[in-house]
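# Structural characterization, general
Read off the chains here:
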Amino acid sequence: MLPSKPLSLAVIIAAAGSGKRLPGSVPKQWRLLGGIPLLAHSFRFFDAFPGVQQFAIALDAQTLAMSERTGFLVSAHGVNVRLVEGGGERQESVWKALETLDPAPDIVLIHDAARPFPPVDGVQLAIEMAVREGGAILARPVTETIKRVNGNGLIIETLDRSVLRAAQTPQVFQYGALMRAYEKFVGQLAQFTDDAVIFEAAGGKVLVVNGSENNFKVTHPEDFERAENLLK
Ligand code: CTP
Ligand code: MG
């Protein structure tokens, strides 16, 4: 039997944030980690990932005009790289990037620039699950007991940790179904905190696959130190 046609993958990297929780002279995705911008780590990972044919990378307007800063966003493997102006909230940035994908891929992977160390095996599995079910995201079991509290900090409820997962990226979807989900909620995107919730709200099925502890999101200054230590 002939092998079936390989999947075409598109990668969106959300890199248009201002990084308020990690103060410094440049937004965190441009801060150097191991001598290259934080964003370069995930860019290189997906550039080398089998089946990736195009990137759409959301950047803020100011950075988009700075070719000296974005010059490294060139594929070493012939992947088409498109730089796109992002929006005010993450999901708006993702939507603007999604709209530029051409040709339509089979599968789209959406990743945070702030996660420099995605795991190959987890990403591969998420792609397989998205092909099968519609969507799949990397996620981790929750290690701390989670309390639901009211506005005064009074505990309302202690949640059952065994059924909780902390969402990571990439979040992986069948492209056509994801576009229909985003289209349905255009204008309300700011209320959603990740891509999976939009897909779920549109009735899509999203599986979790085991991510990796090292796939943390660089958020606070101490996370940058953790990332530096991992590189050593
Ligand atoms: N992001 C984006 N567009 C936005 C906001 C965020 O593309 N309008 C991206 C960020 O650049 C980051 C990812 O979404 O790679 C995850 O967001 P987060 O870690 O919250 O980054 P920031 O919003 O930049 O940081 P902060 O919330 O601390 O301001
Ligand atoms: Mg943010």
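These lines cover the structure that appears in this document, whether it is placed above or below. Fair warning: this is a prediction, and the values are worked out from it, not measured in the lab.

## Considering helix 6 (residues 175–185)
All of the buried residues in helix 6 are Tyr175, Leu178, Met179, Ala181, Tyr182 and Phe185. The buried side chains of helix 6 occupy one side of the element, clustering within an arc of 160 degrees when seen end-on. Exposed positions of helix 6 whose direction lies more than 90 degrees from the buried face are Arg180 and Lys184. Where helix 6 is buried, its residues meet helix 4 (90–98), strand 6 (107–112), strand 10 (165–174) and helix 7 (195–201).

## Here's the deal with the site of ligand 1
For ligand 1, the set of nearby residues contains 19 residues, the closest of which are Ala14, Gly19, Lys20, Arg21 and Ser93. At 3.1 Å from an oxygen atom of ligand 1 is found a side-chain nitrogen or oxygen belonging to lysine 217. Expressed as a share of its isolated accessible area of 560 Å², the protein-covered part of ligand 1 is 88%. Of all the elements in the fold, those that place two or more residues in the shell around ligand 1 are strand 1 (9–15) and helix 4. Among the residues forming the shell around ligand 1, the class breakdown is five nonpolar, seven polar and seven charged.

## Side note on the pairing of strand 4 (residues 52–59)
The buried count for strand 4 comes to seven of eight residues, which makes it a mostly enclosed element. Where strand 1 meets strand 4, seven bridges bridge the pair, whose relative direction is parallel. Residue pairing for strand 4: alanine 15 is matched across the bridge by leucine 59. As paired strands, strand 4 and strand 5 (residues 80–85) are joined by six bridges and run parallel to one another. Across the sheet, residue glutamine 54 finds its bridge partner in strand 5, namely asparagine 80.

## Quick look at unusual backbone geometry
Both trends apply: most residues other than glycine have a negative phi, and most peptide bonds are in trans. The omega torsion of the bond from aspartate 102 to proline 103 falls at 0 degrees, within 30 degrees of zero and hence cis. One can find proline 103 in the loop between helix 4 and strand 6.

## Digging into helix 4
Residues of helix 4 that are buried include every one of Gln91, Ser93, Val94, Trp95, Ala97 and Leu98, and no others. As for helix 4, its buried residues are in contact with strand 1, strand 4, strand 5, strand 6, helix 6 and helix 7.

## Thoughts on the side chain of aspartate 112
For aspartate 112, the location among the structural elements is in strand 6. In this structure, aspartate 112 is in contact with Ile13, Ala14, Ser42, Arg90, Thr169 and Lys217, ignoring residues within four places of it in sequence.

## Things to note about the environment of glycine 134
For glycine 134, the position within the fold is in the loop between helix 5 (120–133) and strand 7 (135–141). It is 8.9 Å that separates the C-alpha atoms of glycine 134 and tyrosine 175, two residues lying 41 residues apart in sequence. Apart from residues no more than four positions distant in its own chain, glycine 134 is found in contact with Met129, Val172, Phe173, Gln174, Phe199 and Lys205.

## A look at the nonpolar core
The nonpolar side chains of a soluble globular protein tend to be buried with one another. Counting 28 residues, the largest nonpolar core has Ile13, Leu39, Phe55, Ile57, Leu109 and Val123 as its most contacted members. Elements that contribute at least two residues to this core include exactly strand 1, helix 1 (38–47), strand 4, strand 6, helix 5 and strand 7. Per-element tally for this core: the top contributor is helix 5, with five residues. Apart from the residues within four sequence positions on either side, leucine 109 is in contact with Leu9, Ala10, Val11, Ile12, Phe46, Val123, Ile127, Pro170, Gln171 and Val172. Ranked by size, the runner-up nonpolar core spans 25 residues in total, among them Ala10, Val94, Ile137 and Phe173.

Thresholds applied
- Throughout this document, residue positions are counted from 1 along each chain, in the order its sequence is written.
- Whichever chain is written first becomes A and whichever ligand is written first becomes 1, with later ones labelled in order.
- Owing to the predicted nature of the model, reporting of local features is limited to residues with pLDDT of at least 70; listing and counting of side-chain atom pairs is limited to 80 or more, with chain, interface and lining totals taken over all residues.
- Water and hydrogen atoms play no part in the side-chain values, which are based on all heavy atoms of the structure.
- Classification of residues uses two cut-offs on accessible area relative to the type maximum, computed with a 1.4 Å probe and protein chains only: under 20% is buried, over 50% is exposed, and between them is partly exposed.
- Each helix is a run of DSSP H or I of at least 4 residues and each strand a run of E of at least 2, with the numbering of both proceeding from the N terminus.
- Directions are taken from the helix axis to each C-beta atom, and the arc is the one they span.
- Contacts: residue pairs with any heavy atoms within 4.5 Å of one another.
- We call a residue near a molecule or strand when any one of its heavy atoms sits within 4 Å of it.
- Polar contacts, as counted here, are pairs of nitrogen or oxygen atoms within 3.5 Å of one another; within protein the pair requires one atom able to donate a hydrogen and one able to accept it, and residues that are adjacent in sequence qualify only if both atoms are side-chain atoms.
- Areas reported here follow the Shrake-Rupley algorithm with a probe of radius 1.4 Å; residue values treat only the protein chains shown as occluding.
- Each residue gets one of three labels, nonpolar for Ala, Val, Leu, Ile, Met, Phe, Trp, Tyr, Cys and Pro, charged for Asp, Glu, Lys and Arg, and polar for the others, Gly among them.
- Here, strands pair whenever DSSP counts at least two bridges between them.
- Here, nonpolar core refers to any group of buried Ala, Val, Leu, Ile, Met, Phe, Trp, Tyr and Cys residues whose side-chain atoms link them within 4.5 Å.

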